[in-house]
Amino acid sequence: MAFIQTSDTLTTASVADASLSNLSPTGTVLNSDAPNSNATNPDLEAIAPSNRSPELQFILNNINLPSLPIKRPLLMVGHGTRNPKGRQDLIDFGILYHQIDPSRPVIPCFLELTGPSIQDGIDQCIAQGYTDISVLPILLFAARHNKFDVTGELDRAKARYADTHPQLTFHYGRHFGITPAILNLWKNRLTLLDSPEHNPNGISREDTVLLFIGRGSSDPDANGDVYKLARMLWEGSGYHTVETCFIGITHPRLDEGFRRARLYNPKRIIVLPYFMFTGVLMEKIGAIATQQQVNYPDISIATLPEMGIHPQLLKVLRDREIETQLGTVAMNCELCKFRLAATGDSPQTAGHSHSHSGHSHTDHSHSHGHHHHPNTPVPDPYAQPEKYHNRIWQVP
């Protein structure tokens, strides 16, 4: 089953093929105003006005982002994927964001699975003469990667540069989270599916079930946010109901989500994968939806694409960057399992000092907790719900 095609995002071609062909191997968007650099930026020069696509020029002309209080370099940290397009999407996102405001370097990098790594990105900043750096997790929810793994990489960098650059400072920002901009993005997408082009049989929303798919996490707090967002999207929508499921780690999984959706005897199921960019898991969702359509031909199944490089995400990105500069980063930590373990409010305890006010991390080390080998299947430790429930509140 092909994903529904939408026209509200910028494709790789929109950002400009010329830029992508000349992108540096590290994916870095440099800046000619760097303290120790007089070099021009070939990546940006490649997208001269005459080479920009109409879509890109429209975005540059019409998107209105607030000014940055500080011209501080930005490290954009994506999760990482083995899917080449998914990797390129994050890099293109950084390129476009820098195009809108080239006042400071923007450096896309990844936590795992592909490069450039977080350490590579930090090295790039140091090489350009910067030691005061904003770091943003390009992640939708505050799960382990956001709270634990990215911050561990920052700790590791500070240790590496302790002798040569003891002044190295990171201003760690907030995940994208639940925002009006993202809710509006999906509401507009769902409105598109009401059109005759995508709903030729005119199936009403009352006869439609919305199937909301999250990535799935080992952090109960993040999984709860997926349910919250799904519910907020459903409120006032007119759909018969919304079912929430996940593609990995936690439960219910996608096959179970489809089973639950069918219990309402819908004429149509709209599959909404809550992902920022494409990747292996998006491909898996598409394959499962295709098989479901084959198995249940009497139910129309429409599968939306990932959010992609969308103007609304650019606005959220700017909000998060400004928060790092004003020191106003705020996260709800009351149900963070790492905090509960540290305070003794969880059955499992660990000496984890965790503060989201300025996001300081002291006297602890971070271990990623799992490894990725490209040719070796990784067993799913959470495949059975009972095993998941037995382990989920544990901390590393």
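Located above this text is the structure these notes cover.
Caption draft 1: Spotlight on the overall build of the protein. Scanning the protein from terminus to terminus reveals 14 helices and eight strands. In the protein, buried positions account for 55% of the 396 residues. Within the protein, counting contacts between residues at least 6 apart in sequence, those at least 24 apart form 80% of the total. Put simply, the protein shows about 17600 Å² of open surface, and 51% of that area lies on carbon and sulfur atoms.

Caption draft 2: The arrangement of the sheet that holds strand β6 (residues 241–246) in detail. Taken together, four strands build an open sheet; the order of strands is β6-β5-β7-β8 and the sheet is parallel. Two strands close off the open sheet at either side, each with one partner strand: β6 and β8 (300–303). Neighbour-to-neighbour, the strand axes of the sheet open up by a mean angle of 20°, direction not taken into account.

Caption draft 3: Summary view of the packing of helix α6 (residues 118–127) against helix α7 (residues 144–160). With their axes 10 Å apart at the nearest point, α6 and α7 run at an angle of 45° to one another. Comparing the axis directions of α6 and α7 gives the class oblique. Crossing of α6 against α7: the hand is right-handed. Residues Ile118, Gln119, Ile122 and Asp123 of α6 pack against Val150, Glu153, Leu154, Arg156, Ala157 and Arg160 of α7.

Caption draft 4: Main features of the nonpolar core. Among the nonpolar cores identified, the biggest contains 51 residues, and Phe93, Ile138, Phe176, Trp186, Phe212 and Tyr274 are the most heavily contacted of them. Every residue in contact with Phe176, bar those within four places of it in the chain, is listed here: Phe93, Pro137, Ile138, Leu139, Leu140, Ile182, Met276, Leu313, Val316, Leu317 and Arg320. Counting residues in hydrophobic clusters, the runner-up holds 19 residues, among them Ile107, Ala157, Tyr161 and Leu168.

Caption draft 5: Unusual backbone geometry, seen in detail. Between Gly115 and Pro116 the backbone carries a cis peptide bond, its omega angle lying at 0°. The residue Pro116 is located in the loop between β2 (106–110) and α6 in this model. Residues His251 and Pro252 are joined by a peptide bond in cis, for which omega reads 5°. Considering the arrangement of structural elements, one finds Pro252 in the loop between β6 and α10 (254–262). Its identity as a non-glycine residue notwithstanding, Ile249 has a phi of 65°, on the positive side. Mapped onto the elements of the fold, Ile249 is located in the loop between β6 and α10. Located in the positive-phi region is Asn265, a residue other than glycine, with phi close to 50°. Along the chain, Asn265 turns up in the loop between α10 and β7 (268–273).

Caption draft 6: Highlighting the side chain of Thr324. Within the secondary structure, Thr324 sits in helix α12 (residues 311–326). Of note is the side chain of Thr324, whose polar atom sits 2.6 Å from the backbone oxygen of Glu321. Every residue in contact with Thr324, bar those within four places of it in the chain, is listed here: Arg72, Ser134, Val135, Leu136, His171, Tyr172, Gly173 and Val329.

Caption draft 7: Representation of the packing of aromatic side chains. Following the criterion strictly, the structure yields five aromatic pairs and no others. Plain terms: the ring middles of Phe141 and Tyr274 are 5.5 Å apart, the flat faces sit at 40° to each other, and that makes the pair tilted. In this pair, Phe141 sits in the loop between β3 (132–137) and α7 while Tyr274 sits in the loop between β7 and α11 (280–295), placing the two residues 133 residues apart along the sequence. Residue Phe141 shares its accessibility class with Tyr274, and that shared class is buried. By the ring-pair criterion, three or more aromatic residues cluster together here, those being Phe141, Trp186, Phe212 and Tyr274. Sitting above the plane of the Trp186 ring, Arg189 keeps its charged end 5.3 Å from the centroid. One cation-aromatic arrangement involves Arg262 over Tyr296; the distance from NZ or CZ to the ring centre is 3.9 Å.

Caption draft 8: Here's a closer look at the pairing of β3. With five of six residues buried, β3 is to be regarded as a mostly interior element. In terms of strand pairing, strand β1 (residues 74–78) meets β3 through four bridges, oriented parallel. The partner of Leu74 across the bridge, within β3, is Ser134. Of the strand pairs in this sheet, β3 and strand β4 (residues 169–172) are connected by four bridges, and their pairing is parallel.

Caption draft 9: Structural detail: the environment of Asn201. For Asn201, the position within the fold is in the loop between α8 (180–192) and β5 (208–214). Among the residues examined, Asn201 registers a relative accessible area of 66% and is labelled exposed. Residues Asn201 and Ser300, 99 residues apart in the sequence, show an inter-C-alpha distance of 9.4 Å.

Caption draft 10: Looking closely at the pattern of salt bridges. A complete count under the given rule lists 18 salt bridges for this structure. Of the charged contacts in the structure, one is a salt bridge between Arg156 and Glu153, with a shortest N-O distance of 3.0 Å. Within this pair, Arg156 and its partner Glu153 are both found in helix α7, separated by three residues, close to a single helical turn. Among the salt bridges present, the one from Lys267 reaches Asp207, with a minimum N-O distance of 3.8 Å. Of this pair, Lys267 sits in the loop between α10 and β7 while Asp207 sits in the loop between α8 and β5, and the two are 60 residues apart along the sequence. For Asp207, a relative accessible area of 29% gives the class partly exposed. Linked by salt bridges that have partners in common, Asp101, Arg104, Arg318 and Glu321 make up one network.

Caption draft 11: Highlighting the packing of α8 against helix α9 (residues 220–234). At a minimum axis distance of 10 Å, the contact between α8 and α9 shows a crossing angle of 50°. The angle between α8 and α9 falls in the class oblique. Here the hand of the crossing between α8 and α9 comes out right-handed. Where α8 approaches α9, its residues Leu183, Trp186, Lys187 and Leu190 are matched on the opposing element by Leu229, Met232 and Leu233. Looking at the contact of α8 with α9 residue by residue, the classes come out as six nonpolar, no polar and one charged.

Conventions and cut-offs
- Residues numbered from 1 in each chain as written.
- Predicted model: local features only at pLDDT ≥ 70, side-chain atom pairs only at ≥ 80, totals over all residues.
- Heavy atoms only, no water.
- Helix = DSSP H or I, 4+ residues; strand = E, 2+ residues; numbered from the N terminus.
- Buried < 20%, exposed > 50% of the residue type's maximum accessible area, 1.4 Å probe, protein only.
- Contact = heavy atoms within 4.5 Å.
- Areas by Shrake-Rupley, 256 points an atom, 1.4 Å probe, with all protein chains shown as cover.
- Pairing = 2+ DSSP bridges.
- Axes fitted to C-alpha atoms, helices over the stretch in contact; angles between N-to-C directions.
- Parallel < 35°, antiparallel > 145°, perpendicular 65-115°, else oblique.
- Left-handed = near helix turned anticlockwise from the far one by under 90°.
- Core = buried A, V, L, I, M, F, W, Y, C linked by side-chain atoms within 4.5 Å.
- Polar contact = N/O pair within 3.5 Å; in protein donor to acceptor, adjacent residues only side chain to side chain.
- Phe/Tyr/Trp six-rings, centres within 6.5 Å; stacked < 30°, edge-to-face > 60°.
- Lys NZ or Arg CZ within 6 Å of the ring centre and 35° of its normal.
- Salt bridge = Lys/Arg side-chain N within 4 Å of Asp/Glu carboxyl O.
- Nonpolar A, V, L, I, M, F, W, Y, C, P; charged D, E, K, R; others polar.

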